[in-house]
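What follows is the residue order along each chain.
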Amino acid sequence: MIIKEITIENFRSYYGINTIKFNDGLVIFIGDNGDGKTTFFEALEWLFDTTSQKLDKQLISEKKISELPEFESDVLRVTMTFDHDGEKILEKSFQFSKESNNEIKVSDFQFKGFENNGSERIPIQGGRLLDRCFEAAIRKYCLFKGEENLNVFNNPDALQYLIDTFSNISQFAPYCSEDEHNLGFTEYAETLSNKAFEKAMKSDSQNSHQEKELSAKLNDVRKELSDIRKRLRSNRENSANYSSKLSELENSKEASSLLKDINDRLKAFKDKKYQNDRHINEDYSIKLLDDMWILCDFSSTFNEFQEKVSIFSKEKRRLEREEDKIKGKKELAKEIAEGIIPLSPNVPDKISMQEMIKDQFCKVCGREAEEGSDAHNFMIHKLQELLDSQQPKNEIEKPLFSNNFLKELEQKSNHLEYDQSDINNLLNTIKDYIEFNEARKLESSKFQESINKDEDNKRKLLAQNDRLTEEQLQNSYQNINNWWNNKSDADNQITILENELSRKEKELEEYQERYNNLAKGSFADTYRKIHSALNKIKNAFINAKDKNTQDFLNLLEERANKYLEKLNIDGFFGIIRIIEIDKKNTKITLVDKNGTFISSPNQALKTTMYMSVLFAVSDLTAIKRENDYPLIFDAPTSSFSPQKESDFFKIISNINKQCIIFTKSFLTEDGKLDNLKIESQNCQIYRIEKLRPFDNLDLSTIQTKITPIK
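The notes below deal with the structure included here. Being a predicted model, the structure only gives us computed values, none of them experimental.

Details of the overall build of the protein
Each helix and strand in the protein was counted, giving 17 helices and 16 strands. For the protein, the C-alpha radius of gyration of 53 Å lies well beyond 27 Å, the compact-globule estimate for 710 residues. Each principal axis of the C-alpha atoms in the protein carries an extent, and together these give about 195 × 80 × 55 Å. Looking at the protein residue by residue over its 710 residues, the buried ones come to 39%. Intrachain contacts of the protein at a sequence separation of at least 6 include 69% that bridge at least 24 residues. Looking at the protein as shown, the accessible area adds up to about 41,300 Å², and 49% of this sits on carbon and sulfur atoms. Averaging the positions of the 105 positive and the 123 negative side-chain charges in the protein gives two centres separated by 6 Å.

What about the packing of helix 5 (residues 158-166) against helix 14 (residues 525-567)?
Working note: a packed helix pair is described by the angle between its axes plus the distance between those axes. With their axes 10 Å apart at the nearest point, helix 5 and helix 14 run at an angle of 100° to one another. Taken together, helix 5 and helix 14 sit at an angle that is classed as roughly perpendicular. Touching Leu159, Leu162, Ile163 and Phe166 of helix 5 are Thr549, Phe552 and Leu553, all from helix 14. Counted by class, the contact of helix 5 with helix 14 contains six nonpolar, one polar and no charged residues.

Let's talk about the pairing of strand 12 (residues 586-591)
Within a regular strand, the side chains alternate between the two sheet faces. Counting buried residues along strand 12, five of its six residues qualify, which places the element largely inside the surrounding structure. Summarising the sheet, strand 11 (residues 575-580) and strand 12 pair through six bridges and their orientation is antiparallel. Its bridge partner being in strand 12, isoleucine 578 is matched across the sheet by isoleucine 588.

Regarding the pairing of strand 6 (residues 104-117)
Of the pairings in the sheet, the one linking strand 5 (residues 87-98) to strand 6 comprises ten bridges and is antiparallel in character. The partner of serine 97 across the bridge, within strand 6, is lysine 105. Between strand 5 and strand 6, which pair antiparallel and follow one another directly, the connecting turn spans five residues, one of which, asparagine 101, has a positive phi of 60°. Relative to strand 7 (residues 120-125), strand 6 runs antiparallel, the two being bridged by six bridges.

Digging into helix 10 (residues 350-359)
Structural remark: α-helix, 3.6 residues per turn; residues separated by three or four positions point the same way. Among all positions of helix 10, only Met353, Met356 and Ile357 are buried. For helix 10, the angular spread of the buried residues around the axis is 100°, confining them to a single face. In helix 10, those exposed residues whose orientation departs by more than 90 degrees from the buried face are Ile351 and Lys358. Looking at the buried side of helix 10, the elements it contacts are strand 9 (361-362) and helix 11 (374-389). Once helix 10 ends, the next one or two residues include glutamine 360, with phi positive near 55°.

About the cut-offs
- Residues numbered from 1 in each chain as written.
- Predicted model: local features only at pLDDT ≥ 70, side-chain atom pairs only at ≥ 80, totals over all residues.
- Heavy atoms only, no water.
- Helix = DSSP H or I, 4+ residues; strand = E, 2+ residues; numbered from the N terminus.
- Rg over C-alpha atoms; globule rule 2.2 N^0.38 Å.
- Buried < 20%, exposed > 50% of the residue type's maximum accessible area, 1.4 Å probe, protein only.
- Contact = heavy atoms within 4.5 Å.
- Areas by Shrake-Rupley, 256 points an atom, 1.4 Å probe, with all protein chains shown as cover.
- Lys, Arg positive; Asp, Glu negative; His and termini not counted.
- Charge placed at Lys NZ, Arg CZ, Asp CG, Glu CD.
- Axes fitted to C-alpha atoms, helices over the stretch in contact; angles between N-to-C directions.
- Parallel < 35°, antiparallel > 145°, perpendicular 65-115°, else oblique.
- Nonpolar A, V, L, I, M, F, W, Y, C, P; charged D, E, K, R; others polar.
- Pairing = 2+ DSSP bridges.
- Arc of directions from axis to C-beta.

This is the structure:
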């Protein structure tokens, strides 16, 4: 089957009709993360799924929904035109309509197929056409997402299907099933012949005693063998189970270890960022008001204020002096008008004058002043004049300045003068605060960058291991010792039981030989010969099945190793070994030429190993079934170096096989096409990208466009 054309219509980001034509060799779709590569892959998965008729609203293009008028309808469709014994068309679709309140309803699911017969197009149900041309069992070897899903034997039915399909072993099924509950013809015939032989022996009275003794021994040994085989089967299943878990763990061992390192780093960065953020205090508004920082830039205003206050003070003092003069003049005029002679400046004070009156002696003129004399009366009169001047005046004198506003302004001015330097220094304090916070924020930003980087690394790591959750990866890391111990216990038991089985089988053969010899010469000998012949036929079938299985695995190994060599030029690649663990499980591994097991191949080598097996399976399909099919991979080479990736695509383009790969290779760091690398490729190449402009927060603006570039 060769895909010739695919049309995707209104499927998620694929708005409208998008038609892509395919060559029959390598086809590369280049796109960055989120551009629509995986959506294209999922559209093919949806088309190839014949088990579900799911009408999922989530599949519809948001852009188409946003533009659809109310009560109008449109269609979601994926169509594939392919060549398989002539051109055929496969189409899966459903309708959607917008009801009132923008409610979306889906209906009319269709899965249609057409095959061209000359000029006539014959319709056929899509699922039947797909199963006929590309049967479901083979489709499981077609679509692969990521590197961790490349191991085809992760599917428990894969080995049995491949052996049944390619080794012709299914023709043995009616004759040899190796199922104790559903025997094949040779097993059934051998069982009946043995019963007939033993019945004949029991009826031989001549050897009855020995027959009874040997028969009991045979029954005992057979029971013991049956028990050993059950225990052996159980331990082999346990060992295979733990091997499978360890194999998965081996695949994810590196991822588990990386995840642990990432989580440890994330915890350390988050702790440091938390501690750093605690020191950042940007509550500037309160601090500015509390510390009068807001006044720092008003020095000129303060100076102007102080100058004005000084002017007002001088003016006040001048007015007060003038007022005092006016008052003095008024007082003098009043005293003159009232005949009051002002006291001499040399007049003694009140106490001195009282002493002079009492002592009747004038200390001013140094003469006696007897009571009743003019001098004595003069002193009494002057004392009374002094006392009168000290009495409160009835007239209330209105002050020149009735309040203390100017005094308050003077105090404020003096206060500002003393505090100005402190206020000016607040500029440096706040600057220090800001610089400190900026430095802390810069550190936090660096911590956040590290956190974002490791979060992104973790997302990529989990995306590459999409079969396992973060919790499963962590549990796997912790459980590895337990699983190794359990597997080791099971393997030890297998060794013990295999030795015991060998010993018991030999013991059974000895008893059986004695039993058979006992029959010789008796009438039961004919039954013995018949049973012996049928037993040999049964074993021949079992050996033939084992040989066919091993031949197939050897052929698969041989083919896979040719591809492995091609895909790893100039590098170590080892030898692929496909080891059958039991009848249902097998393991793909690498060894060197000396048979040394390569326990931890790097991811790039592991990827080429699995892809080599897939190419080999595809080859065998083409040879055995004359039916080739495309291999479709989504991001299988993210672990490749640029050079290995370039070589890898060159080699695949020369393999005679349709191979479709979605990748973000051939893009530069800024998301542009690396034209030099593209020119070096010899295959069909498309660019997948989001149509610009678009709104980062609005899904209905997202539309994927596909452009052929080579």
